[in-house]
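Working through the structure, step by step
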Amino acid sequence: MSIQDMFRTVKEEVDLSPTVSDEVKYTTCYMCACRCGIKVHLKDGAVRYIEGNRNHPVNRGVLCAKGSAGIMTQYAPARLSQPLLRVGERGSGEFKAISWDEAMALAETWLGDIRRSDPRRLAFFTGRDQSQALTGWWASQFGTPNYAAHGGFCSVNMAAAGLYTIGGSFWEFGEPDWHHTRYFLMFGVAEDHDSNPIKIGLGHLKGRGAKFVSVNPVRTGYSAIADEWVGIRPGTDGLFVLALIHELLRADRVDLDYLARYTNAHWLVIRAPGTAEDGLFARDGEGKPLCWDRTRDGVADAMSADVSPAMVGQRTLPDGREAVPAFQLLAERYLVPEYAPDAVADRCGVPAPTIRRIAAELAHAAFEEEVVIEQPWTDWAGRRHERMVGRPVAMHAMRGISAHSNGFHTCRAIHLLQMLLGSIDTPGGFRYKPPFPRPCPPPIKPAGKPGTIEPGKPMAGPPLGFVTGPEDLLVEADGTPARIDKAYSWEAPMAAHGMMHMVITNAWKGDPYPIDTLFMFMANMSWNSAMNVPGTIAMLTDRNPETGEYKIPRIIYSDAYASEMVAYADLILPDTTYLERHDCISLLDRPICDADGAADAIRQPVVEPDRDVRPFQNVLIELGARLGLPGLVKPDGSPRYPGLYPDYLANHERAPGIGMLAGWRGENGETEGRGAPNPKQVEAYIANQCFWRHEFAPEERYYKHANKAYLEKAARFGFIGAANPIVLQLYSEVLQRFRLAAEGHGTVQPPERHRERVRRHFDPLPIWYAPFEHAAIDPAEFPLHAVTQRPAAMYHSWGSMNAWLRQIHGRNRLHMNRVTAEGLGIADDDWVTVTSHHGRITVQAKLMEGVEPGTVWTWNAIGKRSGTWNLAPDAAESRKGFLLNHVISELLPPEEDGLRYANADPVTGQAAWYDLRVRVEKAAVPVPATEPAFPTLPKPPGMAEAPTMNRFGSLFRRRRAGR
């Protein structure tokens, strides 16, 4: 070798943009609730790479670990491969493979017999499927009121409290004004929900120097990057918020102009204790609410644009009755000493000076740092405003406050705090996402009253809706529930999402009546979605001793994966993955809107299934046609949607001109929002990267509840019935109507056993009370709160089958405050017993500083049953993972008469997962695995052995090498 060769510079050629695919398809992610836009790169027909879509309004190119790991969800060994029929005992996991013809014929027979005799004997409950606009409509067409979805045990407190208070809600239907907020207060938000938009928003927030305060017992995720972490005790958020309200009222730091213009704070409330009108709004002969006009010194139409309303003062109405403005009732309620910071600090675990300081900071941000946008707009009354002036305080809340038995009133309290500051849909505040705001509550009532359910006929309306008084409840003449889950009964009158967590218990008990078939989709009710796992398994497998038949006779289940629930079904209808089917993220359901625009989206199949599986939506539509459901067949009995779900998406109308998709409507796709069906609509979406978005004009973007231009557009698009203002409900007359019924007024009254419960909890102003389990147990015996957190890398249990995400969360521990644990003699990785009033588990502990001292917690849904999800029987999730669900009870301790209420919010029926109290002790001896353990389940037929080594990508390398 020459000297020149020895010292020659070698230039390495690196391909910075290698070709990773031969085709790219756009669709919508399904790995969490964000519904981000994704580009799926395909190589030889297989998924090679997933990236974010930079043009998509939700994520603008950002994609989290879950979204990128969708490849491993697509190719998970846990995928079901064929229809199955149980042949062994329920719970044994013994099935035989059957054809789709057999499966559909069997389902048609079972359901057809029910529909011809008593449609109520079908209970149709679906999980976090994002298809509720279809599934709820299907239930109505079938004729059963026994339908609900995931929200009843996840978020109904958030939805109901928001929709009855401000006509919108947190969760997926509202967002902070990230670009203008100067003070952001977040309550109980886990990292798995809406994560990409929140992360993008927090980036804007911190880049501008706005203050971010997180109120959460645990300092993980978002709380870890907050400027201030308030480590509150679980279940006391509402008390903390009411103390903030106390301070604002005491300092006279509330926006009275905003309250008078946009809320019912000035409406006169009748004071007539003991009468049927006490606490109701004073109204004129036409039913219009009245206020006291200071200019006229007399009563006036509270909705008149030219009144100057009094906010305080007792008034005498023309008929001699006494009345006061709602705001005065509010002030009288919260200015009392019991809501002062010093009175609530010990209970909340938040020092009184901290509460006072946060209240002062909120007031300063709202009133000293107001945001002004130089944008003229016109309000509903035709008044022109030259500028948009906002209070730059925004709030956001999720399941951390929702999953308590006092969560409804806690959420109402947060919205009340925002109203007092004048920050609802103003620059810098909380902002509505379309199709909200809607009237408070939306004018949709639940169907299914006794006497209206007829064999072979659809219901007159939807199974879920919003009651406005006792007369809307679904109860028998004696007050007993008419639905199997007891939603819309005196036990949970405003259960707007139903009570999915109670269907198995009630069906097993035959209370209020037995059912024939439980039909579920993607609802892992025997495991992580069961409030109590051992009890639920026992109910699913229990038999009637007289007949030998199962107490729940038949269970049909559809899922894409071999979850724990599969073993407890009788008929399995295997679903596809999200990359193999059409889906719809509809404005009729859970759309992808943002505050500045309306949007919806679809999914399209990007790969073909390699198994004998069918999209559940297709199965439901075909099954509906087989059963002759009116909306799914033509007059001659032939299928109305022979092209199945894509056909339904394009051609179904929920109302004239209103369909599942809002973009490219009209015969040629020339309109948006409302228009005739477009047969090519799905193709138009695909051509536009699977989404549609309509951006609001600058004058439409704020004050949506009172903005003339926005309200007219919302009416034109079908979001609301008419372009009328939406009055924010500081005081809830709906709640007062229920209270009056409990006090003995009206033709529909609660049974005696429910009266005091309704009277106490249906307060027209937000209240706080100790969560039911906290009040029912001895705090000395069970001194610690126990909650779960959602990890950023998982969403519910959806990562259970994902090899890449399992490496992040393959097991979980019980996290404890270090000082608390050391006081109990517990060190890192010690085995501990966790005991509640209901059960016991043995798990490993992990010590940390970032948790409220009286709280223990763990990651949600990590523990798996041995043999499920096609995991190895000794997988870490089965041996070292666990669920708190083993120690939670779905029922509260019995009342004096033996009645056991659901462990739930008394207003909405929201499952109170986070009310759990426990005792933690060091285990006497270490154990080899978490307890309790259940027998290993066999793999379903047709499921191949899972590889011990994941070699994804080797196929593509071999192809490049020509092997």
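Quick note: structure is the one above.
First things first, this report covers the structure right here in the doc.

About the thresholds
Residues numbered from 1 in each chain as written. Predicted model: local features only at pLDDT ≥ 70, side-chain atom pairs only at ≥ 80, totals over all residues. Heavy atoms only, no water. Buried < 20%, exposed > 50% of the residue type's maximum accessible area, 1.4 Å probe, protein only. Helix = DSSP H or I, 4+ residues; strand = E, 2+ residues; numbered from the N terminus. Pairing = 2+ DSSP bridges. 1 Å grid on protein atoms, 1.4 Å probe; cavity = no way out; pocket = protein on both sides within 12 Å on 5 of 7 lines; lining within 4 Å. Points joined across faces, edges and corners; volume = space filled by probe spheres on them. Nonpolar A, V, L, I, M, F, W, Y, C, P; charged D, E, K, R; others polar. Salt bridge = Lys/Arg side-chain N within 4 Å of Asp/Glu carboxyl O. Contact = heavy atoms within 4.5 Å. Axes fitted to C-alpha atoms, helices over the stretch in contact; angles between N-to-C directions. Parallel < 35°, antiparallel > 145°, perpendicular 65-115°, else oblique. Left-handed = near helix turned anticlockwise from the far one by under 90°.

Some thoughts on the pairing of strand β27 (residues 597–603)
As a general feature of sheets, a regular strand has side chains that alternate between the two faces. Taking burial as the measure, the 7 residues of β27 include 7 buried ones, the bulk of the element. Neither face of β27 is left uncovered, since the one carrying Gly 597, Ala 599, Ala 601 and Arg 603 and the one carrying Ala 598, Asp 600 and Ile 602 both have all their residues buried. Direction of pairing for β27 relative to strand β30 (residues 691–695): antiparallel, over a ladder of 5 bridges. Bridging across to β30, Asp 600 finds its partner in Trp 692.

So, empty space enclosed by the protein
Across all of its chains, the model carries 10 cavities of 30 Å³ or more by this definition. There is about 350 Å³ of room inside the largest cavity. Taken together, 28 residues line the largest cavity, and the ones lying closest to its centre are Met 522, Asp 559, Tyr 561, Ser 797 and Trp 798. Classifying every residue of the lining of the largest cavity gives 13 nonpolar, 11 polar and 4 charged.

Structural notes on the pattern of salt bridges
Within this structure, the stated rule accounts for 66 salt bridges. For Glu 361, the salt bridge identified is with Lys 211, shortest N-O distance 3.1 Å. Of this pair, Glu 361 sits in helix α13 (residues 352–368) while Lys 211 sits in strand β10 (residues 211–215), and the two are 150 residues apart along the sequence. Glu 277 is the partner of Arg 321 in a salt bridge, and the nearest nitrogen-oxygen pair spans 2.7 Å. Separated by 44 residues along the polypeptide, Arg 321 in the loop between β15 (315–316) and β16 (322–325) and Glu 277 in the loop between β12 (268–271) and β13 (290–293) bring together distant segments of the chain. Accessibility expressed as a relative area gives 23% for Arg 321, which makes it partly exposed.

With respect to the environment of Leu 649
Relative to the assigned elements, Leu 649 resides in helix α19 (residues 644–651). You can call Leu 649 buried: its relative accessible area is 0%. Distance in space between the C-alpha atoms of Leu 649 and Leu 661 is 6.9 Å, their sequence separation being 12 residues. With sequence-adjacent residues up to four places away left out, Leu 649 is seen in contact with Asp 583, Cys 584, Met 660, Leu 661, Gln 681 and Val 682.

Section: the packing of helix α9 (residues 237–250) against helix α12 (residues 341–348)
Where α9 contacts α12, the axes come no closer than 10 Å and their chain directions differ by 165°. Taken together, the axes of α9 and α12 lie roughly antiparallel to each other. For the pair α9 and α12, the crossing hand works out as left-handed. Residues Leu 239, Phe 240, Ala 243, His 246 and Glu 247 of α9 pack against Pro 341, Val 344, Arg 347 and Cys 348 of α12. Class assignment for the residues of the contact of α9 with α12 results in 6 nonpolar, 1 polar and 2 charged.

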